[in-house]
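One-letter residues, chain by chain:
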Amino acid sequence: MPLDEGGLVLRGLEALRSPILDVRNVTRVFGRGETQVFALRGATLTVDTGSLIALKGRSGSGKTTLLNIMGALDAPNEGSIFYGDRDGSRMSEQQKNEMRKQEIGLIFQSFALVPYLSAFENVDLGLRIAGVQASDRRRLAEEALAFVGLTPRMHHRPQEMSGGEQQRTAIARAIAHKPKLILADEPTAELDSRMGKQIIEVFRELVGTLGVSVVLTTHDPHIMDLVDQVHVLEDGRIGSESIKRV
Ligand SMILES: Nc1ncnc2c1ncn2[C@@H]1O[C@H](COP(=O)(O)OP(=O)(O)OP(=O)(O)O)[C@@H](O)[C@H]1O
């Protein structure tokens, strides 16, 4: 192989391995004085490109707070967060909004679907919010719904679908604009274990085929076996128990 091509391949491999997100020593405090709560106390975590990561920890350990900071919905009081090579503390609100819309897909426990819109219309709405032009929206919405296996149900409203189908609609909405990073807060909490496993399989396929990175929070012990890494949050810190499977 010519030297230059070898160099390109090496750079490509480095880009694949490089972190999409680097959380360093992040502290997040809510309130003041006697009511002050330290939701995060020096949490450090690196998310590599193309990895499926679970955050676990008991209620109140800081999982949602960390996810919100990773999604640029909230900012740390201390410490830093880098989105690739961009320092979150140096980005304006507008830059963060743009990054969130274009590069990040957010999935919440309660699905957050609009009840009177069909699955297709919910995904289309997400694409409108992401600023995708009309000529591309139908194709992207249909592709995303096909990816999660919902083509036959795409004209149904959320109330006409099972919990698993609603969650897959929420995933389709989060992935339709082809984000690099998906953040999911307890995406399987309202599902039985079979449906929960199906959702993780969808994430696994996204990671495998598109090189997307996924960070999810969960209490479900079955899911821990299906992800690449498990990080345990304890009182706002990433505990020493963190497990790396790959
Ligand atoms: N906006 C807020 N104002 C005040 N306190 C907050 C706020 N958000 C979170 N907290 C507190 O910070 C701590 C961490 O909360 P967080 O929601 O991150 O935990 P969690 O691990 O996601 O919990 P759960 O598993 O119950 O969802 C908790 O003590 C919580 O009460």
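Above this text you will find the structure in question.
In this text, all values refer to a predicted model and were calculated from it rather than measured experimentally. (Residues numbered from 1 in each chain as written. Predicted model: local features only at pLDDT ≥ 70, side-chain atom pairs only at ≥ 80, totals over all residues. Heavy atoms only, no water.)

J.: Quick question: what am I supposed to make of the sheet that holds strand β2 (residues 37-48) here?
T.: Sheet strands pair via backbone hydrogen bonds, and the direction of the pair is either parallel or antiparallel. Spatially, β2-β1-β4-β5 is the arrangement adopted by the four strands of the open sheet, whose pairing is antiparallel. For this open sheet the edge positions go to β2 and β5 (86-87), each flanked by a neighbour on one side alone. Where strand β1 (residues 19-30) and strand β4 (residues 78-83) come together, five bridges link them in antiparallel fashion. The residue of β4 that forms the bridge with D22 is F82. (Pairing = 2+ DSSP bridges. Helix = DSSP H or I, 4+ residues; strand = E, 2+ residues; numbered from the N terminus.)

J.: For this particular structure, what's the right way to read the side chain of T188?
T.: The residue T188 is located in the loop between β7 (181-185) and α7 (193-210) in this model. Classification of T188 as buried rests on a relative accessible area of 7%. Excluding residues that lie within four positions of it along the chain, T188 makes contacts with G196, I199, I200, T218, D220 and I223. (Buried < 20%, exposed > 50% of the residue type's maximum accessible area, 1.4 Å probe, protein only. Contact = heavy atoms within 4.5 Å.)

J.: Looking at this structure, how should I read the site of the ligand?
T.: The environment of the ligand is made up of 13 residues, and the closest members are S59, G60, K63, T64 and T65. With respect to the ligand, the side chain of K63 contributes an N or O atom lying 2.8 Å from an oxygen atom. The side chain of T65 places a nitrogen or oxygen atom 2.6 Å from an oxygen atom of the ligand. Protein contacts shield 59% of the accessible area of the ligand, which totals 640 Å² for the unbound molecule. Only β2 and α2 (63-70) provide two or more residues apiece to the shell around the ligand. (Near = heavy atom within 4 Å. Polar contact = N/O pair within 3.5 Å; in protein donor to acceptor, adjacent residues only side chain to side chain. Areas by Shrake-Rupley, 256 points an atom, 1.4 Å probe, with all protein chains shown as cover.)

J.: Got a minute to help me understand unusual backbone geometry in this structure?
T.: Working note: non-glycine residues mostly have negative phi, and peptide bonds are mostly trans. Here the phi dihedral of A72 falls at roughly 60 degrees; this positive angle occurs in a residue that is not glycine. Looking at the secondary structure, you find A72 in the loop between α2 and β4. Not every positive phi belongs to a glycine, and K178 is a case in point at roughly 60 degrees. Note that K178 resides in the loop between α6 (163-175) and β7.

J.: Please explain the nonpolar core as it appears in this structure.
T.: Core analysis: the largest hydrophobic core is formed by 41 residues, its most contacted members being F203 and L216. Each residue touching L216, except ones within four places of it in the same chain, is listed here: L52, I53, A54, L55, A184, P187, I200, F203 and I223. Counting residues in each nonpolar core, the second largest holds 25 residues, with L40, I53, M70 and M91 among its members. (Core = buried A, V, L, I, M, F, W, Y, C linked by side-chain atoms within 4.5 Å.)

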